[in-house]
Amino acid sequence: MFVQQADLLTAIEIAHLKFFEYSRYGNTADTIVPLGIPWTVFTPLTFEISTRDYVVYISLPAGIVDPPAPTDPSVQIHKTPIVEAYVRTFTEKTEDYDQLIDEFKRDLENDNRSFNNTGVYINFLNTNGLMQIVIKK
């Protein structure tokens, strides 16, 4: 789902509502579809996080092989390929994502690790601050 907003938290709030609607009968089967974790946000690395466009993802449980199509055209279902990536996990709540991303990139550069510099994924695993920053190799 593509969500264009001035700030990350608003983008996530809109996505939560849309995914909840999909999960609760907002689909072509008019049924309940369980949602999984994490909530994932992808954003390009071209601007500060407060001025970016966001793509928000959520995982469906592995047992759902053929999920019903959403009735909202802004919600799409995709199978994602397995990719190699660097992952850094954080356990404390923060909103200073730019600093965390910059530190992670700097550490990768200092370790002579090559990475894809076009975007970053932020996985939110719970509301208490457990999150991951993911940068593709």
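To be clear, the structure that these remarks concern was listed above.
Chemist: Would you mind going over the overall build of the chain with me for this structure?
Modeler: The helix and strand inventory of the chain stands at 2 helices and 6 strands. Counting from the amino terminus, the chain carries its helices and strands in the arrangement β-α-β-β-β-α-β-β. The C-alpha radius of gyration computed for the chain amounts to 16 Å, which stays within 12% of the reference 14 Å derived for 137 residues, consistent with globular compactness. When the backbone C-alpha atoms are referred to their principal axes, the chain occupies close to 50 × 30 × 25 Å. Residues counted as buried form 36% of the 137 residues belonging to the chain. A total of about 8500 Å² of accessible surface is found on the chain, and carbon and sulfur atoms cover 52% of it. If the 11 positive side-chain charges of the chain are averaged to one point and the 18 negative ones to another, these points end up 6 Å apart.

Chemist: I keep staring at the nonpolar core and nothing clicks. Help me out?
Modeler: Soluble globular proteins tend to bury their nonpolar side chains together. Leu8, Val41, Phe124, Met131, Ile133 and Ile135 are the most contacted members of the largest nonpolar core, which totals 25 residues. Beyond its immediate stretch of four places on either side in the chain, Met131 contacts Arg88, Thr89, Phe90, Thr94, Tyr97, Leu100, Ile122, Asn123, Phe124 and Leu125.

Chemist: Honestly, the environment of Val56 in this entry has me stumped. Any pointers?
Modeler: Examined against the element boundaries, Val56 turns out to sit in strand β3 (residues 54–58). Between the alpha carbons of Val56 and Ala15 there is a distance of 6.5 Å; along the sequence they are 41 residues apart.

Chemist: Quick question: what am I supposed to make of the pairing of strand β5 (residues 119–124) here?
Modeler: On a regular strand, each side chain points to the face opposite its neighbour's, so the side chains alternate between the two faces of the sheet. For β5, the buried fraction is high: 6 of the 6 residues fall into the buried class. With 6 bridges joining them, strand β2 (residues 39–44) and β5 adopt antiparallel strand pairing. For Val41, the partnering residue across the bridge sits in β5 and is Ile122. For β5 and strand β6 (residues 131–136), the ladder comprises 4 bridges, and the chain directions are antiparallel. Bridge pairing in β6 links Tyr121 to Val134.

Chemist: Which parts of the structure should I look at to understand helix α1 (residues 8–23)?
Modeler: Working note: α-helix, 3.6 residues per turn, so residues spaced by three or four point in the same direction. Across its 16 residues, α1 extends 22 Å between first and last C-alpha, which sits within 8% of the 22 Å expected from 1.5 Å per residue. Every buried residue of α1 is accounted for by Leu8, Ala11, Ile12, Ala15, Phe19, Tyr22 and Ser23. Around the axis of α1, the buried residues are gathered within 100° of arc, so they sit on the same side. Exposed and facing more than 90 degrees away from the buried side of α1 are Glu13, Leu17 and Phe20.

Chemist: Even after reading the chapter, I still don't get the environment of Val87, so can you show me in this structure?
Modeler: With respect to the helices and strands, the residue Val87 is situated in strand β4 (residues 85–90). Counting along the chain gives 35 residues from Val87 to Ile122, while the straight-line C-alpha distance between them is 9.6 Å. When near neighbours in sequence (up to four residues on either side) are disregarded, Val87 contacts Phe104, Gln132, Ile133 and Val134.

Chemist: Sorry if this is basic, but what is going on with the pattern of salt bridges here?
Modeler: Side-chain pairs of opposite charge can arise where the charged atoms are in close proximity. Tallied over the full model, the rule gives 2 salt bridges. The residue Asp72 makes a salt bridge to Lys18 at a minimum N-O spacing of 3.1 Å. Here Asp72, found in the loop between β3 and β4, pairs with Lys18, found in helix α1; they are 54 residues apart in sequence, far enough to count as distant. Judged by relative accessible area, Asp72 falls into the partly exposed class, the value being 21%. With a relative accessible area of 23%, Lys18 lands in the partly exposed category. Close ionic contact of Asp107 with Arg88 constitutes a salt bridge, the shortest N to O distance being 2.8 Å. Here Asp107 is found in helix α2 (residues 97–110), whereas its partner Arg88 is found in strand β4, with 19 residues between them in sequence. Given a relative accessible area of 24%, Arg88 falls into the partly exposed group.

About the cut-offs
- Residues numbered from 1 in each chain as written.
- Predicted model: local features only at pLDDT ≥ 70, side-chain atom pairs only at ≥ 80, totals over all residues.
- Heavy atoms only, no water.
- Helix = DSSP H or I, 4+ residues; strand = E, 2+ residues; numbered from the N terminus.
- Rg over C-alpha atoms; globule rule 2.2 N^0.38 Å.
- Buried < 20%, exposed > 50% of the residue type's maximum accessible area, 1.4 Å probe, protein only.
- Areas by Shrake-Rupley, 256 points an atom, 1.4 Å probe, with all protein chains shown as cover.
- Lys, Arg positive; Asp, Glu negative; His and termini not counted.
- Charge placed at Lys NZ, Arg CZ, Asp CG, Glu CD.
- Core = buried A, V, L, I, M, F, W, Y, C linked by side-chain atoms within 4.5 Å.
- Contact = heavy atoms within 4.5 Å.
- Pairing = 2+ DSSP bridges.
- Expected span 1.5 Å × (residues − 1).
- Arc of directions from axis to C-beta.
- Salt bridge = Lys/Arg side-chain N within 4 Å of Asp/Glu carboxyl O.

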